[in-house]
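Observations on the model geometry
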Amino acid sequence: MTNQSKIATANRPFACYGAEQLEGIRNRILMQPKLRQEYERQWKLSDAFANEELSLPIQRISAFRTVPFVFRTPENAAYLKFALHIRGKGEVWINQVQLTHSEKGLPIPLANGRFDHGLLGWAASPYSFTSSTSLESSESPGQGQCLHVKNLSNNDHMRLSITDSIPVHAKEHYSIQTNLRLDQHFSDDGVTIEVKFQDAAGQPVDAVYTLPSFNRKTPTNWAALLETAGADANVYMVTGNTEYAERAKRKMLYMLPDMCQGMDIFKATGWHEDDTYGAVHIGRGIAVLSVIYDQIADSGIILPHESADIHANFRYITEMMMDTAYYRFNLEQFPDEKGGKRSNWNADRATGLGIYALIFPQEKLADDYLAHACAVVDWQLEHVVDQDGAWPENIRYHGAVLHRYFLFFTLLQRLKGVDYWSRDKVKKMYRFLIDTVTPKDNVQGGPDSKPKLLSPAVGDSTVDDQWFRMFAYAAPFYATIDSPLSREMMWGWQHGGGVVRDTGAYPCTLLALLYPQPELPQKAPALTSVHYPGMGYIILRQHASVWGRENYAIFESSPLTYHAHHDEGHFSIWANGTPLTLDPGTGGYYNGDRHWYVNGHAHNVVQFMDEAGTIQNGPLKSLCEEVFFSNQLDYVRSKIPDVHAETYHRHFAYVKAGIDVYVVWDRIRSENNSIWNLHTMSTLSDIEKNRITAHCLNDMKLEVTFIEPSGISVSKDHGAVSGAYPLTVQEHFRIRSDFGGEGGGVSSSDGGDDADRDNSSNCNRDYLTLLYPKTREASAMVIQSLPTDADCSEIRMYKILRDEQTMFYLFVNGTEQPHTFHCQAGAALLNPHDKTTYSPDHNGECHVQVEAGRLTILLTNG
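These figures come from a predicted structure and were not determined experimentally. (Residues numbered from 1 in each chain as written. Predicted model: local features only at pLDDT ≥ 70, side-chain atom pairs only at ≥ 80, totals over all residues. Heavy atoms only, no water.)

**Description of the overall build of the chain**
For the chain, the helix and strand inventory stands at 14 helices and 38 strands. At 30 Å, the chain has a C-alpha radius of gyration in line with the 29 Å of a compact globule built from 862 residues. Out of the 862 residues in the chain, the part that is buried amounts to 61%. Expressed as a percentage of contacts within the chain between residues at least 6 apart in sequence, the contacts between residues at least 24 apart total 70%. Looking at charge distribution, the chain has the averaged site of its 77 positive side-chain charges lying 5 Å from that of its 103 negative ones. (Helix = DSSP H or I, 4+ residues; strand = E, 2+ residues; numbered from the N terminus. Rg over C-alpha atoms; globule rule 2.2 N^0.38 Å. Buried < 20%, exposed > 50% of the residue type's maximum accessible area, 1.4 Å probe, protein only. Contact = heavy atoms within 4.5 Å. Lys, Arg positive; Asp, Glu negative; His and termini not counted. Charge placed at Lys NZ, Arg CZ, Asp CG, Glu CD.)

**Regarding the sheet that holds strand β21 (residues 647–655)**
Pairing within the open sheet is antiparallel, and its eight strands lie in the order β19-β20-β21-β22-β30-β26-β25-β24. Across the chains shown, the open sheet's two edge strands, defined by having one partner strand only, are β19 (623–629) and β24 (682–688). Recorded for the sheet is a direction-independent mean angle of 15° between the axes of neighbouring strands. Pairing geometry for strand β26 (residues 700–708) and strand β30 (residues 767–775), over eight bridges, is antiparallel. Of the residues in β30, the one forming a bridge with E703 is Y772. (Pairing = 2+ DSSP bridges. Axes fitted to C-alpha atoms, helices over the stretch in contact; angles between N-to-C directions.)

**So, the pattern of salt bridges**
For the structure on display, the rule yields 40 salt bridges. Between E227 and R41 there is a salt bridge, and its shortest N-O distance comes to 3.0 Å. With E227 in helix α3 (residues 226–239) and R41 in helix α2 (residues 33–53), this pair connects stretches of sequence that are 186 residues apart. On the basis of relative accessibility, which here comes to 17%, the residue E227 falls in the buried class. Note that E243 and R247 form a salt bridge whose closest N and O atoms lie 3.4 Å from each other. (Salt bridge = Lys/Arg side-chain N within 4 Å of Asp/Glu carboxyl O.)

**So, the pairing of strand β16 (residues 571–575)**
A large share of β16 lies buried, amounting to five of its five residues. Burial of the side chains of β16 extends over both faces: F571, I573 and A575 are buried on one face and S572 and W574 on the other. Alignment of strand β15 (residues 551–556) against β16, held across five bridges, turns out to be antiparallel. What sits directly across from N551, in β16, is A575. For β16 and strand β17 (residues 578–581), the ladder comprises three bridges, and the chain directions are antiparallel.

**Overview of the packing of helix α1 (residues 22–31) against α2**
Remark: α1 packs on α2, axes separated minimally by 5 Å, with the N-to-C direction vectors making an angle of 95°. Here α1 is positioned roughly perpendicular relative to α2, judged by the angle of their axes. Between α1 and α2, the contacting residues are R28, I29, L30 and M31 on the first element and P33, L35, R36 and Y39 on the second. (Parallel < 35°, antiparallel > 145°, perpendicular 65-115°, else oblique.)

**A word on the sheet that holds strand β35 (residues 829–831)**
One open sheet accounts for six strands, arranged β31-β32-β33-β38-β35-β36; its pairing is antiparallel. Edge strands, defined here as strands with exactly one partner in the open sheet, are β31 (781–786) and β36 (836–838). Going across the sheet, the axis of each strand differs from the next one's by a mean of 25°, ignoring polarity. In the sheet, strand β32 (residues 795–802) pairs with strand β33 (residues 805–813) via eight bridges, with the strands oriented antiparallel. In the strand pairing of β33, Y798 is matched with L810.

**Observations concerning α3**
Its 14 residues place the ends of α3 20 Å apart at the C-alpha level, agreeing with the 20 Å of an ideal helix rising 1.5 Å per residue. Buried residues dominate α3, accounting for 14 of its 14 residues. (Expected span 1.5 Å × (residues − 1).)

Put into structure tokens, the structure is as follows:
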């Protein structure tokens, strides 16, 4: 496998390991199966890229960019047609054109969007004799065929138009994404996109949208080379073969200048459409490139002038990272997510500077950078990371920040003797990732995969972010100072897939080979229901870690607005290792699908309509007023301050005690109409009167019964969902009150303008809903409405049965005063919330007092 004669001994100290450790590191990588597998992957990656370099210059290996054009269709639009205009002297290679319905997060197939069938479905119209089009095979593997447009004159103009009209919905967002390559600027506008519309009769609509011209060279982005450069350096570390050090050097000599020129543009223009050159990603990049340089610096392949260029570029980048005109790191409160001391951007910027300073201590400003980085991290640990150890954006950014902290803390301890690992907040950050895990998902990854733990998707997180790899990196540091934490981290890593590869944005490939110790012992944590008030997550659990019996729900009631979606009051549910309803996660920030992921209609929330009858998004934060956990009942009450409601509270209860039913009561006081959104991991559902039965994965069902309102109408559609599931979409239901008299009905809707208007609903009424996860064989719930002695529609009482056996009673007091219910019962009833037992009197009647504005659940105590 390795040419041992080429293995060299280091002539200088390394930042991440000592020269005397190299032989042990090499042997361990080759002997430990998981590390060897990852090393072999990296070796193949390095060799594959080197093969590409034989036929392509480095700037052309990943030279395509996706240019998005996001727009909202005008009123009366029923169809659209679009055209690409290429103006001026120059040439462009177009690999793909894609249309996305942003309101659903789903692509709209174009018949020949990748030009696999030439120009079928397209019309190429040159406005001069010196413009031409041709089809060429892409230079890059896997890119397929490209359309090459070449203009020889400054006045040339080529029009490339789609020939068929595409159906769309009025007043909704769409996006056209054009994947293209420009080696040089055009002499004129370059590439623009023009969109025109037609009404239902095919007549033109008086609106034309035009994308601002794209006229920027698209050489390979530095970030596309980072993982491969790290792989090069690691193969050199193991084999001593200087060819791999040479490969890493070539990439560095390209990447660092590309960073510099991109940062200049970012500083000058606020070029947020490409975060690759923003402080967050440059911070990650200089950290990893500092490590790579350190690994190959003793190889003898870096010439003096090359070393001078590398150091000069590092100095330029680090000085820019301290320029508040580039990144406003001095603001305690920030105007958007890309500024300020509190942002994850600042964490990555500062730790990148700190790692650079630790690896290059001889640099004049190294001490200043290191002091600055420590000050930023100290401030964030004190003022940003909350009392539970949560980074207050979402789990995705919690993991991203902790990831960058990891290498900084490691080098601080190794090179300076500074210990961050023992700090309480740092331990809690790892503990937070353990305590939020989902059940072992039996669907994720496909039928041949073992069930594995996931991180729940909330807001901008997805279920397959794979942050558990960080447990393998950090557990060895806790093996002696906090053995219980180390063991639980190893449990999370083992049951989360056992991945060592560093994935995601801008990986550091060395971490996967240097730090994991798969042989460390593991121990399952005692997972229970938990509330994180700072982050706003409430997790409801039953039978945690008991395979086949574990149930899990996560409810959001957040005081925060970082990376926020309109999802306050949203819930996701797993049962029997199967996801039944999920937060959609996140799409791309700039590719045009964000209107789905951030919108309230993509989440299990109530949306209110404005006075014109148009559905509106809810607030970005809410107030959790009460949380209660027990072996029999979990319960949360959240106040959601929607501007279209006088008051709105969502009550979410999980009835355990062998029942496993979720109760959702939306107590609404509003003059505005509303809809109740529900998403299920299903492609088939039955709708009958006030019940939806979704046929989910693994032969599971989710039975959803609307006790209130008494009649509903349902529109059904689909929307995107994140995660490696066999379903790329969830069914999306919109439930409305139907006061026409006889039960409910169902209609199909593609989410058009009609679906956003309903002036017949009367949503002064509440929603009271049961969600019952069940197997295929389980019988349905039966709901009986019980009479009350109150002449008030706000006082309601129900009995819930299954197989003719009473499961529990529901008492709803929507008034502003306490009320005593009189309930016929054959046995004593238990309120699991306050442990009160209600025994029947001589008339067989229980007298149950319920506070104002409260939902009370009573269990049969027999």
